[in-house]
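Structure at a glance
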Amino acid sequence: MTKWTANDLPDLNGRTVVITGAGRGLGLITARELARAGAHVVLGVRDTDKARRAVVSLPGAFDIRTLDVADLSSVRAFADSWSRDLDILINNAGVMDIPAARTVDGLDQQTATNYTGPFLLTNLLLEHVTDRVVHVTSQLHRQGKIDLKDLDWRTRKYNGMSVYEASKLAVVLFSLELQRRLSATGSEVRSVLASPGIARTSLAAHSRSNVINRFKFLTNAPELGALSVLYAATQDVPGNSYIGPDGLGGLRGYPALRRQGKAGLDTAMAGDLWKATTELVGAVAR
Ligand SMILES: NC(=O)c1ccc[n+]([C@@H]2O[C@H](COP(=O)([O-])OP(=O)(O)OC[C@H]3O[C@@H](n4cnc5c(N)ncnc54)[C@H](OP(=O)(O)O)[C@@H]3O)[C@@H](O)[C@H]2O)c1
């Protein structure tokens with residue numbers, strides 16, 4: 001069977017995409033390929049100069065804007081400045097197994113980057129989204145444990161990997177509840193999950209457990225990891241699909257329709273998590 005690659009991307013002329021944290025890693029590859037296919041790609045990044053340098057020699061239309069997804073005022077400012085149609089929002093920015101730290105809002109830095117900030121960003125931009133929201137999660141969501149009473153890691157002992165796993169499970173549950181809400185209102189906008197498997201980026205370079213380096217023989221080249229995101233962003237898949245590599249354990253290979261872990265399909269938990277997150281971030285409508 002032929003494998004899906006970036007050469008199979010549809011013509012994206014006239015489409016606008018926002019992708020967060022796209023100045024390097026999988027986000028940059030995704031941005032490059034979407035622009036090559038004709039999309040107008042907006043990179044929401046912390047370091048605009050670095051992102052500008054990263055795309056300067058690439059073909060296509062790029063717009064570089066300041067966005068720190070872990071800073072709620074930065075998220076609100078980005079969303080406030082948006083007034084046109086947005087075809088595809090890709091929540092890609094992420095950190096893994098970082099030391100405990102608090103954001104300017106007093107939130108857990110890792111959870112805020114991977115989940116809480118993207119939750120707010122998505123809700124604020126949703127009225128503009130015409131096609132879909134793509135959430136970049138991880139196979140590690142399967143190990144995630146969510147404590148609704150301590151979503152932001154105030155009473156539990158901080159463990160970098162546990163926080164990563166929980167944040168990626170929260171992303172999966174966010175997609176589930178978002179899709180439920182969209183469908184309930186008759187919206188045709190889709191919420192889609194993408195898992196890159198394990199791709200050799202600098203995501204875990206600093207991490208003691210460094211799963212990416214430790215399991216190098218199992219890993220995807222970054223170009224392959226980004227394919228799941230590209231597929232999720234452009235292919236005709238059902239709402240709340242989980243796209244990941246087709247190889248053993250969903251860790252490497254070419255993009256295919258896979259299945260999220262059981263905990264990621266818990267509708268009651270997804271609804272409760274939405275409420276708890278709203279309490280954490282404040283107003284989610286403009
Ligand atoms: N690589 C893998 O094997 C793998 C597996 C599963 C899931 N993922 C997910 O894939 C996504 C991309 O990861 P990657 O592998 O490409 O890692 P990466 O090379 O470390 O890139 C992470 C990106 O996120 C950005 N970022 C971090 N914090 C941010 C913030 N507060 N605001 C805005 N941008 C921020 C970084 O920007 P700066 O340059 O400013 O730091 C960087 O561009 C992440 O969500 C990750 O969890 C990756």
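Conventions adopted
- Residues numbered from 1 in each chain as written.
- Predicted model: local features only at pLDDT ≥ 70, side-chain atom pairs only at ≥ 80, totals over all residues.
- Heavy atoms only, no water.
- Helix = DSSP H or I, 4+ residues; strand = E, 2+ residues; numbered from the N terminus.
- Buried < 20%, exposed > 50% of the residue type's maximum accessible area, 1.4 Å probe, protein only.
- Contact = heavy atoms within 4.5 Å.
- Near = heavy atom within 4 Å.
- Areas by Shrake-Rupley, 256 points an atom, 1.4 Å probe, with all protein chains shown as cover.
- Nonpolar A, V, L, I, M, F, W, Y, C, P; charged D, E, K, R; others polar.
- Phe/Tyr/Trp six-rings, centres within 6.5 Å; stacked < 30°, edge-to-face > 60°.
- Lys NZ or Arg CZ within 6 Å of the ring centre and 35° of its normal.

An unreviewed UniProt entry annotates the protein as SDR family NAD(P)-dependent oxidoreductase originating from Amycolatopsis pithecellobii.

Quick look at the environment of Val133
Take Val133: it is sitting in strand 5 (residues 129–136). By relative accessible area, Val133 is classed as buried at 0%. In sequence terms Val133 and Asp87 are 46 residues apart; their C-alpha atoms lie 8.6 Å from each other. Val133 has contacts with Leu89, Asn91, Thr122, Leu126, Leu178, Arg190, Ser191 and Val192, leaving out every residue within four places of it along the chain.

Digging into the site of the ligand
Taken together, 29 residues are adjacent to the ligand, and Arg46, Lys50, Asn92, Ala199 and Thr201 come closest. Protein chains shield 95% of the accessible area of the ligand, which is 890 Å² for the free molecule. Across the shell around the ligand, the residue classes break down as 13 nonpolar, 11 polar and five charged.

A short note on the side chain of Thr116
With respect to the helices and strands, the residue Thr116 is situated in helix 4 (residues 109–125). Accessibility expressed as a relative area gives 0% for Thr116, which makes it buried. Among residues more than four places away in sequence, those in contact with Thr116 are Leu107, Thr111, Thr277, Leu280 and Val281.

Notes on the packing of aromatic side chains
Following the criterion strictly, the structure yields seven aromatic pairs and no others. Where Tyr115 meets Phe119, the ring centres are 6.0 Å apart and the plane angle is 55 degrees; that geometry is what we call tilted. Here Tyr115 and its partner Phe119 are both found in helix 4, four residues apart, which amounts to about one turn of the helix. With centroids separated by 4.9 Å and ring planes inclined at 50 degrees, the aromatic side chains of Phe119 and Phe174 adopt a geometry described as tilted. Within this pair, whereas Phe119 is found in helix 4, its partner Phe174 is found in helix 5 (residues 160–184), the two being separated by 55 residues in sequence. Between the NZ or CZ atom of Arg156 and the centre of the ring of Trp153, over which it lies, the distance is 3.6 Å.

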